[in-house]
Amino acid sequence: MAQVPQTFFDALAVRTWCGLSLGALGRAREEIDAINVYPVADGDTGTNLYLTVESAAGAVEAVFAGYELGEEVPTLADAVRAMAHGALIGARGNSGTILAQLLRGMAHVLTEGEATHIDADRLRLALRHAADAARRAVAHPVEGTVLSVAAAAADAADVAEGDCGAVARAAYEGACEALAATPGQLAVLERAGVVDAGGRGLVAVLGALVEAFTGETPVAFGPDARAAGGVVHARVDAVSGARTESCAERAGGPAFEVIYLLEAEDAAVDRLRTRLDVLGDSLVMVGGDGLWNVHVHVDDAGAAVEAGVEAGRPHRIRITHFGAGDVHTGGARPPRERVQRAVVAVVPGEGLAGLYAEAGATTVLARPGEPPASGELVDAVRRANAREVVLLPNDADLRHTAAAAAEQVRAEGVRVALIPTRSAVQGISALAVHQPDRRFDEDVVQMTSAAGATRYAEVVFAERQSWTMAGICQAGDVLGLIDGDVAVIGSDVTATAETVLDRMLQAGGELVTLVLGDEAPDGVADRLEARVREAYLAVDTVVYRGGRQGAPLLIGVE
């Protein structure tokens, strides 16, 4: 999208940059995944960078949304802090974590003085600080990686003359030259005939920065830039063989990737860095001000998490096993035969994930406070490996995320139907009538009808004092929400749930579905089942265990 050229960096430019970066990484994602051979040939660098920037862009959009009702606009500091924080909490993989630190390093300079905008001199300083901060975050920096590309971009920006657009273009061109040189710096890249995947992603992000300032999409320049452009594509076919070679070399390498956010003091983080460096490799720790993103490859994932517990409070823990037939064995998985139709569903807890999986669905786990990004839904659709996919977001707040994912996979030739389920219990109803052997349109209509005929409720704890449709609630109160609105305020989970269930069944119903979370009190299911038997004839009840689903209880009535 063309932008009006501007000579300075303000909040709107940050917003534009994030959006353009997301688009550039979306277009380059598969290419970057394909050339990913270092540090682990797991083919996900492009996806990880996309998800990291998606989180950053979402945080910036949230800041702008908060100002929409007033006349004021976000300050540069508001937008930059949101970008850096969003990238930090959403960082994925080795390259995504380094990119988060690059953005955080820029933010440190751009937020000084709370200026409404900055000029070219400050942008030069920001790019230099970003490159230095990223290098410090990596336990053992290696040349020929994204660190080299970032440093070259900063070097080129240092000597550039002109406005912000000229500085950004110089940084981009310096990054392209450094990217082309990465195979000569890292033997595994040279054998594969590719450039560094993380560096390729950074080139896309810097290209978006040029476009944000100038309104022009930069093109590859000069003969030395060909490896960052056409030659990369020409050499992708060589990667599969090189990946096998790389994996064979790393056969004794760590078996797990561990990533988590950590709330901890700086002194504890320093001790953790020393301990994790002994446990594994590819250690990157980024952040500050009490919040850190930790990434490491280890054989003992439990020890890496325990080290985090000793240092502070780890959360959003993700453990990926480089299991049999992948990066540490050198064996390729045989491709699965593509199925005709699949269901992909977002579920709020491990228990429901198991239930949905037993019914044949591909699941995306949404942990409390961690809604999945559109890239995760796209990955799930690809894992389903089907020509036709029914997508169940199971959350009203995920409607736009799911729509974006659906549009992306439609462009890949997959027929996708998005059923706007607002709760996991509506998804259960839809899945119950799913018949993959009938016509796609008919199946979607039946599933949509079943979901729409299911009223949903949840019983949760109030996090703070608030006005609701049922009155004022205090922190710690038990809230009963029916179809998304607070209908009951109470002090006891079981009693509140009983009141909610009575209100729902006043309009009729044939089947009650109860999904118990880990925080559900003992006996609540027995109490509710007894209430249904005593007061409502010919109404059946089914109970599931949802696990850590965020709400103590979900209720469906159909």
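All values derive from a computational prediction rather than experimental measurement. (Residues numbered from 1 in each chain as written. Predicted model: local features only at pLDDT ≥ 70, side-chain atom pairs only at ≥ 80, totals over all residues. Heavy atoms only, no water.)

Sorry if this is basic, but what is going on with the overall build of the chain here?
Helix and strand counts for the chain come out as 20 helices and 18 strands. Taking all 558 residues of the chain together, the buried fraction comes to 55%. By sequence separation, contacts in the chain at least 24 residues apart represent 72% of the contacts at least 6 residues apart. Total accessible area computed for the chain in this model is approximately 23900 Å², and 51% of it derives from carbon and sulfur atoms. (Helix = DSSP H or I, 4+ residues; strand = E, 2+ residues; numbered from the N terminus. Buried < 20%, exposed > 50% of the residue type's maximum accessible area, 1.4 Å probe, protein only. Contact = heavy atoms within 4.5 Å. Areas by Shrake-Rupley, 256 points an atom, 1.4 Å probe, with all protein chains shown as cover.)

Honestly, the sheet that holds strand 10 (residues 415-418) in this entry has me stumped. Any pointers?
Sheet strands pair by backbone hydrogen bonding; their relative direction is either parallel or antiparallel. Pairing is parallel in the open sheet, where 4 strands are placed in the order 8-7-9-10. Two strands bound the open sheet, and with one partner strand each, they are strand 8 (362-365) and strand 10. Going from strand to strand, the sheet's axes swing by 20° on average, the running direction of each strand aside. In this sheet, strand 8 lies alongside strand 7 (residues 339-347) in parallel orientation, the contact comprising 4 bridges. Its bridge partner being in strand 8, Val346 is matched across the sheet by Val364. Against the sheet, helix 14 (residues 350-358) engages strand 7, strand 8 and strand 9 (386-392), with an angle of about 170° to strand 8. (Pairing = 2+ DSSP bridges. Axes fitted to C-alpha atoms, helices over the stretch in contact; angles between N-to-C directions.)

So what exactly am I meant to see when it comes to the nonpolar core here?
Inside soluble globular proteins, nonpolar side chains tend to come together where they are buried. Ranked by internal contacts, the top residues of the largest apolar core, which has 92 residues, are Phe9, Val14, Trp17, Met83, Met106 and Leu123. Discounting residues that sit within four places of it in the chain, Val14 has contacts with Phe9, Val60, Leu76, Ala79, Val80 and Met83. (Core = buried A, V, L, I, M, F, W, Y, C linked by side-chain atoms within 4.5 Å.)

What's the story with helix 7 (residues 164-185) in this structure? I'm lost.
Along an α-helix, residues three or four apart share an orientation, since each turn contains 3.6 residues. Between the first and last C-alpha of helix 7 there are 30 Å, a value that for 22 residues agrees with the 32 Å anticipated at 1.5 Å per step. The sharpest bend along helix 7 reaches about 25° and sits at Leu179, with the proline Pro183 one to four residues further on. Where helix 7 begins, the side chain of Asp163 points an oxygen toward the backbone nitrogen of Gly165, at a separation of 3.1 Å. (Expected span 1.5 Å × (residues − 1). Bend = angle between axes of the 7 residues up to and from the residue. Polar contact = N/O pair within 3.5 Å; in protein donor to acceptor, adjacent residues only side chain to side chain.)

Explain the pattern of salt bridges to me, please; I cannot follow it from the model alone.
Pairs can form between side chains of opposite charge once their charged atoms are near each other. Throughout the structure, instances matching the rule amount to 27 salt bridges. The partner of Glu61 in a salt bridge is Arg15, and the shortest N-O contact between them spans 2.9 Å. Of the two residues, Glu61 sits in helix 2 (residues 45-66) while Arg15 sits in helix 1 (residues 11-34), which places them 46 residues apart along the sequence. Judged by its relative accessible area of 36%, Glu61 is partly exposed. A salt bridge links Glu216 to Arg169, with the shortest nitrogen-to-oxygen separation between them at 3.4 Å. One end of the pair, Glu216, is in the loop between helix 9 (197-214) and helix 10 (230-235); the other, Arg169, is in helix 7, with 47 residues separating them in the sequence. For Arg169, a relative accessible area of 26% translates into the label partly exposed. Here the residues in one salt-bridge network are Arg341, Glu388, Arg415, Arg438, Asp441 and Asp443, joined through shared partners. (Salt bridge = Lys/Arg side-chain N within 4 Å of Asp/Glu carboxyl O.)

Could you clarify how one ought to interpret the sheet that holds strand 14 (residues 478-482) in this entry?
Spatially, 6 strands are ordered 15-14-11-18-16-17 in an open sheet, and the strand pairing comes out mixed. What marks the edges here is a single partner per strand, and that holds for strand 15 (485-490) and strand 17 (540-547). Across the sheet, the axes of successive neighbouring strands diverge by a mean angle of 20°, strand direction being ignored.

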